[in-house]
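An overview of the molecular structure
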Amino acid sequence: MAKFVLAGRADCPYYAKAELVADYLQKNLPDFRIHKITQHPHVWEEWLKALCEKNKWSHKNSPIIWRELLDRGGKGLLLGGYNEFLEYAQLYYGVTSSMTTELMTMVAQENLGTHIEKELEEESQKGLIGPLQVWITSASSLACYNLIPILTSGEVFGKHTEISINLFDHKQAEEDLKILMREAQDLASPILRSVSICTRAEEAFCQAQVIIVLDHSTDREVYSLEDCIRSRAPLCQLYGSLIEKNAHDSVRIIVGGKSFVNLKTALLMRYAPNFSRNIIAVALGVEGQAKATLARKLKTTPSCIKDVIIWGNISGNNYVDLRKAKIYRYESAVWGPPDYSRPVLSLIFDSEWVNRDFVITLKNLTATGRQFGGILAAHSIATTLKYWFHGSPPGEIVSLGVLSEGQFGIPEGIVFSMPVKFENGTWVVLTDLKDIEISEQIMTRMTSDLIQEKLVALGELINFQPYQSDYKDLFAGLIPVEEKDLVMSDGDFLDLIPQTSSEKSHSQEHTNDSEGKSVEE
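Residue indices follow the written sequence of each chain, beginning from 1 at its first position. The predicted nature of this model means local features are confined to residues of pLDDT at least 70 and side-chain atom pairs, given and counted, to a pLDDT of 80 or more, with totals for whole chains, interfaces and linings taken over all residues. Only hydrogens and water are removed before side-chain values are computed, so all heavy atoms of the structure are retained for them.

In this section: the overall build of the protein chain. Strands are runs of DSSP state E lasting at least two residues, helices are runs of H or I lasting at least four, and both sets are numbered from the N terminus onward. Helices and strands together make up the secondary structure of the protein chain, namely 15 helices and 19 strands. The buried share among the 521 residues of the protein chain stands at 50%. The contact rule is simple, with two residues in contact once any of their heavy atoms fall within 4.5 Å. Look at the contacts in the protein chain between residues 6 or more apart in sequence, and 70% of them connect residues 24 or more apart. Of the roughly 25400 Å² of accessible surface on the protein chain, 51% is carried by carbon and sulfur atoms. Burial here depends on accessible area, computed with a 1.4 Å probe over protein chains only, as a share of the maximum for the residue type. Under 20% is buried, over 50% is exposed, and the range in between is partly exposed. To measure how exposed things are, a 1.4 Å probe is used in the Shrake-Rupley method; for residues, cover is taken only from the protein chains shown.

Structural data, given as structure tokens:
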């Protein structure tokens with residue numbers, strides 16, 4: 001089988017003559033195949049230069065002909081240009097061409113016209129395949145600023161999936177949104193089709209296929225914890241109604257941030273019931289903090305630690321479960337191949353550190369939210385989206401906030417972080433995991449605040465009573481033996497969101513009298 005490639009400038013008369021001979025040979029010889037490539041005159045020289053550099057050829061004119069070595073592999077064998085191809089055809093097949101110069105020129109112009117029409121048709125078809133519509137709320141936030149370069153890198157949705165980013169925020173943030181839009185455009189990402197801003201609520205989430213809900217800041221004064229919780233409901237109700245009205249039927253909604261993540265997710269599910277299965281809460285930020293803390297203790301890198309499970313309230317009362325946690329590529333006396341792992345708890349001999357220092361470190365991170373900044377929030381959201389679209393690493397446990405259906409003894413109807421895996425464009429709760437039972441006492445501690453938050457937000461409960469835990473009892477061994485590796489992070493949920501100067505005096509004065517913590521809105 002002889003396969004030749006004929007490439008040339010679309011308006012080249014010599015390409016037209018060589019094409020005529022090649023077509024004749026292909027029609028009359030069963031073992032002769034020709035593949036034709038035309039390039040617009042404006043890009044021909046650059047294309048030819050790149051081709052020759054890649055194959056280490058020397059050729060400067062149109063056309064260029066080479067033979068593909070189908071039977072042996074490797075790069076093609078350069079035949080040459082127009083003259084060399086005609087000599088080859090005459091020598092091996094006894095075929096030549098008597099096309100006149102006038103006819104060559106006419107065919108060349110027809111080729112150029114056909115090439116331009118083909119380019120326009122391909123561009124038109126490309127336009128019919130719309131880009132993925134990505135909407136980001138509270139887009140003037142730092143998390144959004146860090147998120148955009150990741151989304152436009154191609155690592156999240158795929159190198160060949162074009163996206164349109166829609167930045168949604170209140171009217172006062174319009175100038176900041178315009179600056180952010182220009183910076184995003186300046187990235188010149190090949191997958192970024194467009195960037196737009198939206199400050200009119202009624203236009204939000206139009207044909208949205210991905211909605212990223214970030215922390216919302218407000219200048220409204222908040223006097224109590226209950227007011228802080230109730231302030232979430234109106235915005236989630238607005239978002240929910242807009243999602244129901246404007247979003248695409250297959251929209252995926254992901255809630256991230258450092259404050260009331262579970263509550264906001266539950267409220268969105270309530271007010272956008274048709275999409276409740278497609279609303280999730282990001283827990284990878286807390287998981288990343290836990291891995292980094294363990295890595296510092298073990299003097300390794302956080303990426304080497306896998307299968308840390310976050311249970312409960314992502315931005316409040318949660319547990320960091322190390323019973324399934326493994327470490328890879330750990331430098332010790334025992335060494336193995338890259339897929340060899342060891343249980344994390346078997347390498348930490350300081351039980352006091354696990355049960356106290358580790359707990360307090362995570363508690364402080366959650367309670368203040370200081371280290372859950374824009375970079376961590378953006379990376380956690382992007383990674384979760386990547387898993388949602390392309391699947392999580394095989395065999396790896398991922399923590400995710402989803403609506404409970406009674407798995408693991410968790411009360412139904414609350415958003416709860418639990419172990420899952422992503423596959424085939426959806427997520428599956430890992431109910432078949434062994435030895436991860438949770439005691440009733442620990443479950444009550446994790447669910448109490450979540451249930452109360454939801455009731456207060458909906459106006460069904462007036463006063464919030466945070467679940468009280470006794471740390472002395474905890475450190476003295478209150479956790480049952482079977483739960484000794486289930487590590488507590490008592491962040492309550494007062495961890496919270498950026499606070500305006502006008503809010504601080506009111507909220508701090510109120511809460512310091514009752515709980516000893518400040519509530520930030």
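Our next topic: the confidence of the model for the protein chain. Within the protein chain, residue pLDDT values average 83, and 84% of them lie at 70 or more. A score from 0 to 100, pLDDT tells how confident the predictor is in each residue. In this model residues 470–486 is a low-confidence stretch, pLDDT under 50, and it forms 33 contacts with partners more than four residues away in sequence or in other chains. In the predicted structure, residues 488–521 sits below a pLDDT of 50 and forms 108 contacts with residues beyond four places in sequence or in another chain.

Let us look at unusual backbone geometry. Proline 63 follows serine 62 through a cis peptide bond whose omega is 0 degrees. Examined against the element boundaries, proline 63 turns out to sit in the loop between helix H2 (44–55) and strand E3 (64–68). At alanine 188, a residue that is not glycine, the phi angle is positive and equals roughly 50 degrees. Take alanine 188: it is sitting in the loop between helix H6 (174–186) and strand E7 (192–198). Judged by its relative accessible area of 60%, alanine 188 is exposed. Backbone geometry at glutamine 207 places phi at a positive 55 degrees, although glycine is not the residue there. Within the fold, glutamine 207 resides in the loop between E7 and strand E8 (210–213).

Joining through side-chain atoms within 4.5 Å is the link that ties buried Ala, Val, Leu, Ile, Met, Phe, Trp, Tyr and Cys residues into a set, and such a set is a nonpolar core. Phe205, Ile211, Ile243, Ile253, Leu294 and Val308 are the most contacted members of the largest nonpolar core, which totals 59 residues. Setting aside chain neighbours within four positions, we find valine 308 in contact with Glu287, Ala290, Lys291, Leu294, Val320, Asp321, Leu322, Ala325 and Ser399. Of all hydrophobic cores here, the second largest spans 56 residues; its members include Leu132, Ile165, Leu167 and Phe416.

What counts as an axis is a line fitted to C-alpha atoms, over the stretch in contact for a helix, and the angles between N-to-C directions run from 0 to 180 degrees. As a packed pair, helix H10 (residues 284–298) and helix H12 (residues 374–390) sit with axes 8 Å apart at the nearest point and diverge in direction by 115 degrees. Overall, the two elements H10 and H12 adopt an arrangement that is roughly perpendicular. Considering only the axes of H10 and H12, their crossing is right-handed. On the side of H10, the interface is formed by Leu284, Gly285 and Gln289, while H12 contributes Leu376, Ser380, Thr383, Thr384 and Tyr387. Angle categories are assigned with fixed cut-offs, so that under 35 degrees is roughly parallel, over 145 is roughly antiparallel, 65 to 115 is roughly perpendicular, and the rest are oblique. For a crossing to be left-handed, the near helix must be turned anticlockwise from the far one by less than a right angle; the clockwise case is right-handed.

Patches here: salt-bridge-free residues with over 30% relative accessible area, like charges joined within 9 Å, nonpolar side chains (Val, Leu, Ile, Met, Phe, Trp, Tyr) joined within 5 Å. Here, a salt bridge means any Lys or Arg side-chain nitrogen found within 4 Å of an Asp or Glu carboxyl oxygen. Residues counted as positive are Lys and Arg, residues counted as negative are Asp and Glu, and His and the chain ends are not counted. In this description, the location of a charge corresponds to atom NZ of lysine, CZ of arginine, CG of aspartate or CD of glutamate. On the surface, Glu117, Glu119, Glu121 and Glu122 cluster together into a patch of negative charge. With respect to the secondary-structure elements, glutamate 117 resides in helix H4 (residues 101–128). The exposure class assigned to glutamate 117 is exposed, which follows from its relative accessible area of 57%.

Here we come to the packing of helix H1 (residues 13–28) against helix H3 (residues 82–93). Here H1 crosses H3 at 25 degrees, and the two axes come no closer than 10 Å. As judged from the angle between their axes, H1 and H3 are roughly parallel. Crossing geometry of H1 relative to H3 is assigned as left-handed. Each of Tyr14, Lys17, Ala18, Val21, Ala22 and Leu25 in H1 lies in contact with H3, whose residues at this interface are Tyr82, Phe85, Leu86, Ala89 and Tyr93. Classifying every residue of the contact of H1 with H3 gives ten nonpolar, no polar and one charged. In this classification, Asp, Glu, Lys and Arg are treated as charged, Ala, Val, Leu, Ile, Met, Phe, Trp, Tyr, Cys and Pro as nonpolar, and every other residue, Gly included, as polar.

Before going further, it helps to examine the packing of aromatic side chains. Two rings from Phe, Tyr or Trp (for Trp, the six-membered ring) form a pair when their centres sit within 6.5 Å of each other. Planes less than 30 degrees apart are called stacked, planes more than 60 degrees apart edge-to-face, and all others tilted. Scanning all chains against the criterion turns up 17 aromatic pairs. With 5.1 Å between their ring centres and 85 degrees between their planes, tryptophan 311 and phenylalanine 408 make a pair best called edge-to-face. With tryptophan 311 in strand E12 (residues 309–312) and phenylalanine 408 in the loop between strand E16 (398–403) and strand E17 (415–423), the pair connects residues that are 97 residues apart, well separated along the chain. The buried category is assigned to tryptophan 311, whose relative accessible area is 0%. Placement of a positive charge over a ring is assigned whenever Lys NZ or Arg CZ falls within 6 Å of the ring centre and within 35 degrees of the normal to the ring plane. One Lys or Arg, arginine 252, reaches over the ring of phenylalanine 389 and ends 4.1 Å from the middle of that ring. The aromatic ring of tryptophan 427 is capped on one face by arginine 277, whose charged end is 3.7 Å from the ring centroid.

A pair of strands counts as paired when DSSP detects no fewer than two bridges linking them. Taking strand neighbours across the sheet as the criterion, the four strands line up as E2-E1-E3-E4 in an open arrangement whose pairing is mixed. Each of the sheet's edge strands pairs with one partner strand only, and the pair in question is strand E2 (32–39) and strand E4 (77–80). The mean inter-strand angle of the sheet, taken between neighbouring strand axes irrespective of direction, is 25 degrees. Bridge count between strand E1 (residues 2–9) and E2: eight bridges; the pairing is parallel. Looking at the pairing, alanine 2 lines up with phenylalanine 32 of E2. In the packing of H2 onto the sheet, contacts are made with E1, E2 and E3, and the angle to E3 comes to roughly 35 degrees.

To continue, consider the side chain of threonine 293. Within the element layout of this structure, threonine 293 appears in helix H10. Overall, threonine 293 belongs to the buried group, its relative accessible area being 5%. Once residues lying within four places of it in the same chain are set aside, the contact partners of threonine 293 are Trp353, Phe358, Thr361 and Leu362.

Next up on the list: the pairing of strand E10 (residues 279–282). Burial of E10 is two-sided: the residues Ile279 and Ala281 facing one way and the residues Ile280 and Val282 facing the other way are all buried. Sheet topology note: the strand E9 (residues 252–255)/E10 ladder contains three bridges and is parallel. Paired with valine 255 across the bridge in E10 is alanine 281. Once the chain exits E9 it traverses helix H9 (residues 261–271) before rejoining the sheet at E10, and the crossover so formed is right-handed. Judged from the two bridges that link them, E10 and E16 form a sheet pairing that is antiparallel. Residue valine 282 lies in a different strand from E16, and its bridge partner there is leucine 400. Handedness rule for crossovers: strands pointing away from the viewer, path from the first strand over the helix to the second running clockwise, crossover right-handed.

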